[in-house]
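These are the residues of each chain, in order.
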Amino acid sequence: MTTQVTFAALAAEPRTTISTIEAAFHLGRKPQTLRKWACYEDGPIRPVRINGRLAWRVADLLRVQVEGSAK
């Protein structure tokens, strides 16, 4: 049995940062791709680290969606 997870629309997101899984969903990428971007610092956006965990700025994600530059 698979559990289906739903995420709020990015433009309506009240938080300033979101998790890697949520960010990957909004960019149409796999979470591991975003982790690679963070590790090698070669992606279109950089995460912030909060208590050692990756968090992705909603403003950066919106910018990438508009520009269409998620590689």
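Description of the structure in this document.

About the criteria used
- Residues numbered from 1 in each chain as written.
- Predicted model: local features only at pLDDT ≥ 70, side-chain atom pairs only at ≥ 80, totals over all residues.
- Heavy atoms only, no water.
- Pairing = 2+ DSSP bridges.
- Helix = DSSP H or I, 4+ residues; strand = E, 2+ residues; numbered from the N terminus.
- Buried < 20%, exposed > 50% of the residue type's maximum accessible area, 1.4 Å probe, protein only.
- Arc of directions from axis to C-beta.
- Contact = heavy atoms within 4.5 Å.
- Axes fitted to C-alpha atoms, helices over the stretch in contact; angles between N-to-C directions.

Alignment of strand 1 (residues 17–18) against strand 3 (residues 53–57), held across two bridges, turns out to be antiparallel. Looking at strand 3, one finds that Thr17 is bridged to Arg57. Summarising the sheet, strand 2 (residues 48–50) and strand 3 pair through three bridges and their orientation is antiparallel. Its bridge partner being in strand 3, Val48 is matched across the sheet by Ala55. Remark: two residues form the turn of the hairpin made by strand 2 and strand 3, two consecutive strands paired antiparallel; Asn51 in that turn has positive phi of roughly 55°.

Within helix 2 (residues 31–40) the residues assigned to the buried category are Leu34, Trp37 and Ala38. An end-on view of helix 2 places all buried positions within 95° of arc, on one side of the element. Along helix 2, exposed side chains directed more than 90 degrees from the buried face belong to Gln32, Cys39 and Tyr40. Positive phi appears at Glu41, one or two residues downstream of helix 2, with a value of about 50°.

Looking now at the sheet that holds strand 2. Pairing is antiparallel across the open sheet formed by three strands, whose spatial order is 1-3-2. Of all strands in the sheet, those with a lone pairing partner are strand 1 and strand 2, marking the two edges. Across the sheet, helix 3 (residues 58–67) lies against strand 1 and strand 3, angled at about 55° from strand 3, the strand it touches most.

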